[in-house]
Amino acid sequence: MTRKLSETFSLLSTAGLTALAILTVASTVSAQAIPPPPIVDFPLPTGFQIPPSDAKCILSGHRLDLQCIIKNDPDAIRIRAEEAMLEAQALKAAKSGKLDPYHQVETLGKLEIFDPNLSVNNNIACSYCHDPMAGYANGVSILSVYTGGSNPGSVPITVHGAYPNNRIAKRNPTSYVYATYYPPLHYNQSQADFYGGNFWDGRATGYRLQNSAAEQAQDPPSDPEEMANPDPACVVYKLSLSSYNFFFEQVFGAGSLEIAWPSDVQSICSTPKGAAVLNGNPTPLKLSSKDRTLANKDFDEFAQAVAAYESSDSVSPFTSKFDYYLAGKTTLTTQEQNGYDLFRGKGSCNTCHLDGRASTLLGGNDTGQAASLQPLFTDTTYNNLGLPKNVMLPWYSEDTPDQWGFTGNPLGFGFIDLGMGLFLDGYYGAPPNLSWAAQFPTFEGKFQTSTARNAAMLPYKGFVKAYMHNGYLTSLKEVVHFYNTRDVYPYHVMSGHCPKGTVEKVTCWPEPEDPDNENMTIGKLGLTSDEEDDLVFFLRTLVDGFKP
């Protein structure tokens, strides 16, 4: 396919090395914005009811008043209450003096993850987008329905008539359960494939700290669409003001947070990243060389503590029914067992979502012991599943400057999410290993295979959960049906425009956002509806917290 970003990014080869150069300025890109097509068909997911408190937040054209949702939605309120409770628990533990060094680091990471004061406007914690009750994924049901699970960040947009009225991420947030088990991103020469890394596109490579989960933890605090701190040192400044600053120094050493902050630190650290007044400076705080080094060290330690909490039994405990089944302490029901047999056979699921067993797809029997007793249900590689473009994403409308002079998505609806291709092609800046850029043609459109663990975890019955990078699918049944029938019911249309007589996501799958490098091992599996249901029953056995 034609290189969608070729007018913006180009690969330059010099002396056998690959370099990246930005060729156009933002104003040129902005002129290419394309208005989205009207959505003509948007049925609500089966069983979903708009909460009464959210009724006033629904705008015309299937849009949301995001500020209204933040203030009034029952899930948003629930999450903030959970954050306050968990933060208080962690602070109590930190003050107890009873924690061993191992649990001190975990507890510090917990304090950081649930602290809304670490955002530019002191209003959003990491956990707002990663709700524990939803398997550390998006925990706001109405966002799954109307925004593909993408979450509003710390910065409201106050430009009159602007939509969205809050900066918002371009993707459904990845769950970070078991994310610490993903290795740093590396390219396997023999397999010609990337393994590891974090985020849907692998840009949290982990190359510097050799910990991709820690590097992932450093991105949202400085992402202009999320927590929006203008300088990584602003996170450290806010840590120094926190109620647990004593604990940070207890874990990482006395004096760790003793930095000579400039007189304008509060002003700068309350200015969101991307603001025109910052002139694109990634480190606007004027620190001495010594203090900048200390702040960088603190920011790394902040991230390592977050990763320690993510690897803890609170987040990644291996306590699902399936884990107890592997231990011989419980049995699967008939439907669960049938689903498991389909998972490693006809459904072709365990060829990517590794379960420690053989695949019986091509025949043969799987009668031996499991090769792994704590399988991750991912191979950490990247695939293009041929998902349709989710036209509901507010990101496509964030193509004009906000009150700070920041434009989130200059391309508007013309933006095509190339997944790992964005990372390799320089969307976030040059990749740390310049030789990786040469792999762009074979990784364009690919996204990381997420773990199937806790994919079925819901805060309550009736909750709608967004799946995949763009949240296009809103139930595990839809996920399985897509894998099963993508190539049975393909139509050359965009979402909302399926032909009369078809039902989108049932008997009509709109065209893929990016058809390049599409995974053809799925799409026509020949599963019956009952077999699809059995697979969903098996996936529910992967939810942690089972009591045998």
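What comes next concerns the included structure. These figures come from a predicted structure and were not determined experimentally.

## Some thoughts on the overall build of the protein
Next, step 1: Tallying secondary structure elements over the protein gives 17 helices and 10 strands in all.
Next, step 2: In terms of its C-alpha atoms, the protein occupies a principal-axis envelope of roughly 70 × 60 × 60 Å.
Next, step 3: Out of the 548 residues in the protein, the part that is buried amounts to 57%.
Next, step 4: Nonlocal contacts in the protein, meaning residues at least 24 apart in sequence, comprise 68% of its contacts between residues at least 6 apart.
Next, step 5: Accessible surface computed for the protein: about 22700 Å², of which carbon and sulfur atoms make up 56%.

## Some remarks on the state of the cysteines
Next, step 1: In total, this model carries 3 disulfides according to the counting rule given.
Next, step 2: The residue that forms a disulfide with C57 is C68, at a sulfur-sulfur distance of 2.0 Å. Negative torsions about the S-S bond denote left-handed disulfides, and the value of about -60° found for C57 with C68 makes this one left-handed. With C57 in the loop between α1 (26-30) and β3 (58-59) and C68 in helix α2 (residues 66-72), this residue pair connects regions lying 11 residues apart in the sequence. An identical accessibility class is assigned to C57 and C68; each is buried.

## Quick look at the pattern of salt bridges
Next, step 1: One pass over the full model with this rule turns up 21 salt bridges.
Next, step 2: In this structure, the salt-bridge partner of D298 is K297, at a minimum N-O distance of 3.6 Å.
Next, step 3: Where R453 meets D323, a salt bridge forms, and the shortest distance between an N and an O atom there is 2.9 Å. Note that R453 is positioned in the loop between β10 (447-448) and α16 (476-485) and D323 in helix α12 (residues 321-326), a separation of 130 residues in sequence.

## Quick look at the pairing of strand β5 (residues 152-156)
Next, step 1: β5 sits mainly inside the fold: 4 of its 5 residues count as buried.
Next, step 2: Looking at chain direction, β5 and strand β6 (residues 166-168) are connected through 2 bridges and run antiparallel. What sits directly across from P152, in β6, is I168.

## Points about the nonpolar core
Next, step 1: Formed by 68 residues in total, the largest nonpolar core has its most connected members in Y128, L239, Y244, L285 and F302.
Next, step 2: When residues of this core are assigned to their parent elements, the largest contribution, 9 residues, is made by helix α11 (residues 289-310).
Next, step 3: Setting aside residues up to four positions removed in sequence, Y128 forms contacts with I70, A76, I79, R80, E83, V140, N151 and P152.
Next, step 4: F322, C349, L387 and F482 belong to the second largest nonpolar core, which has 34 residues in total.

## Topic: the side chain of N383
Next, step 1: The residue N383 is located in strand β9 (residues 382-383) in this model.
Next, step 2: Classification of N383 as buried rests on a relative accessible area of 16%.
Next, step 3: A polar atom in the side chain of N383 sits 3.0 Å from the side chain of N519.
Next, step 4: If near-sequence neighbours (up to four positions away) are discounted, N383 is found in contact with C352, G445, K446, F447, T449 and N519.

## Here we look at α11
Next, step 1: When the terminal C-alpha atoms of α11 are compared, their 32 Å separation across 22 residues agrees well with the 32 Å that a helix rising 1.5 Å per residue should span.
Next, step 2: Extensive coverage of α11 is indicated by the burial of 16 of its 22 residues.

## So, the packing of aromatic side chains
Given two aromatic rings, one states the distance between the centres and the angle between the planes to describe the pair.
Next, step 1: Here the structure, examined in full by the defined rule, presents 33 aromatic pairs.
Next, step 2: Between W395 and F415, the aromatic rings sit 5.6 Å apart at their centres with planes inclined by 80°, giving edge-to-face as the arrangement. Taken as a pair, W395 in the loop between β9 and α14 (420-424) and F415 in the loop between β9 and α14 lie far apart in primary sequence, 20 residues in all.
Next, step 3: Put simply, the rings of F322, Y325, Y340, F343, F377 and F538 touch in pairs and so form one group of aromatic residues.
Next, step 4: Sitting over the ring of F443, K446 keeps its end group 4.6 Å from the ring centre.
Next, step 5: Note that R453 overlies the ring of Y178, its terminal NZ or CZ placed 5.1 Å from the centroid.

## Quick word on helix α3 (residues 74-96)
Next, step 1: Here α3 is 23 residues long and its end C-alpha atoms lie 33 Å apart, about the 33 Å a rise of 1.5 Å per residue gives.
Next, step 2: Where α3 is concerned, the buried positions are D75, A76, R78, I79, E82, E83, L86, E87, A90, L91 and A94.
Next, step 3: Two to three positions downstream of the cap, the backbone nitrogen of D75 sits 2.9 Å from a side-chain oxygen, assigning the N-cap of α3 to D73.
Next, step 4: Of the residues one or two after α3, G97 is the one with positive phi, at around 75°.

## Section: the packing of helix α4 (residues 101-113) against α11
Next, step 1: Running from N to C, α4 and α11 cross one another at 100°; their axes reach a closest spacing of 7 Å. Viewed along their axes, α4 and α11 adopt a mutual orientation that is roughly perpendicular. Across from V105, E106, L108, G109, K110, E112 and I113 in α4, the residues of α11 making contact are F302, A305, V306, A308, Y309 and E310.
Next, step 2: Of the residues that constitute the contact of α4 with α11, the class distribution is 8 nonpolar, 1 polar and 4 charged.

## Looking at unusual backbone geometry
Next, step 1: With omega at 0°, the peptide bond leading from Y163 into P164 counts as cis.
Next, step 2: On the secondary structure map, P164 appears in the loop between β5 and β6.
Next, step 3: The phi dihedral of T380 is positive, around 65°, even though this residue is not glycine.
Next, step 4: Inspection of the secondary structure assignment puts T380 in the loop between α13 (334-343) and β9.

## As for the side chain of E504
Next, step 1: When you line up the elements, E504 lands in the loop between α16 and α17 (529-539).
Next, step 2: Polar side-chain contacts of E504 include one of 2.6 Å to the side chain of Y472.
Next, step 3: Apart from residues lying up to four places away in sequence, E504 is in contact with Y472, S495, G496, H497, C498 and P510.

## Brief notes about the environment of M457
Next, step 1: As for its placement among the helices and strands, M457 is situated in the loop between β10 and α16.
Next, step 2: With relative accessibility at 17%, the residue M457 sits in the buried group.
Next, step 3: Spatially, the C-alpha atoms of M457 and Y136 are 9.2 Å apart, while their sequence positions differ by 321 residues.
Next, step 4: Excluding anything up to four places from it in sequence, M457 contacts P132, M133, A134, G135, K465, V543 and D544.

## With respect to the environment of T381
Next, step 1: One can find T381 in the loop between α13 and β9.
Next, step 2: On the accessibility criterion, T381 (3% relative accessible area) is buried.
Next, step 3: The sequence separation of T381 and Q448 amounts to 67 residues, and the corresponding C-alpha distance is 5.7 Å.
Next, step 4: In contact with T381, not counting residues within four places along its chain, are D193, F194, Y195, F447, Q448 and T449.
Next, step 5: Here the side chain of T381 touches D379 through a polar contact of 2.7 Å, side chain to side chain.

Reading the values: the criteria
Residues numbered from 1 in each chain as written. Predicted model: local features only at pLDDT ≥ 70, side-chain atom pairs only at ≥ 80, totals over all residues. Heavy atoms only, no water. Helix = DSSP H or I, 4+ residues; strand = E, 2+ residues; numbered from the N terminus. Buried < 20%, exposed > 50% of the residue type's maximum accessible area, 1.4 Å probe, protein only. Contact = heavy atoms within 4.5 Å. Areas by Shrake-Rupley, 256 points an atom, 1.4 Å probe, with all protein chains shown as cover. Disulfide = S-S within 2.5 Å. Salt bridge = Lys/Arg side-chain N within 4 Å of Asp/Glu carboxyl O. Pairing = 2+ DSSP bridges. Core = buried A, V, L, I, M, F, W, Y, C linked by side-chain atoms within 4.5 Å. Polar contact = N/O pair within 3.5 Å; in protein donor to acceptor, adjacent residues only side chain to side chain. Expected span 1.5 Å × (residues − 1). Phe/Tyr/Trp six-rings, centres within 6.5 Å; stacked < 30°, edge-to-face > 60°. Lys NZ or Arg CZ within 6 Å of the ring centre and 35° of its normal. Axes fitted to C-alpha atoms, helices over the stretch in contact; angles between N-to-C directions. Parallel < 35°, antiparallel > 145°, perpendicular 65-115°, else oblique. Nonpolar A, V, L, I, M, F, W, Y, C, P; charged D, E, K, R; others polar.

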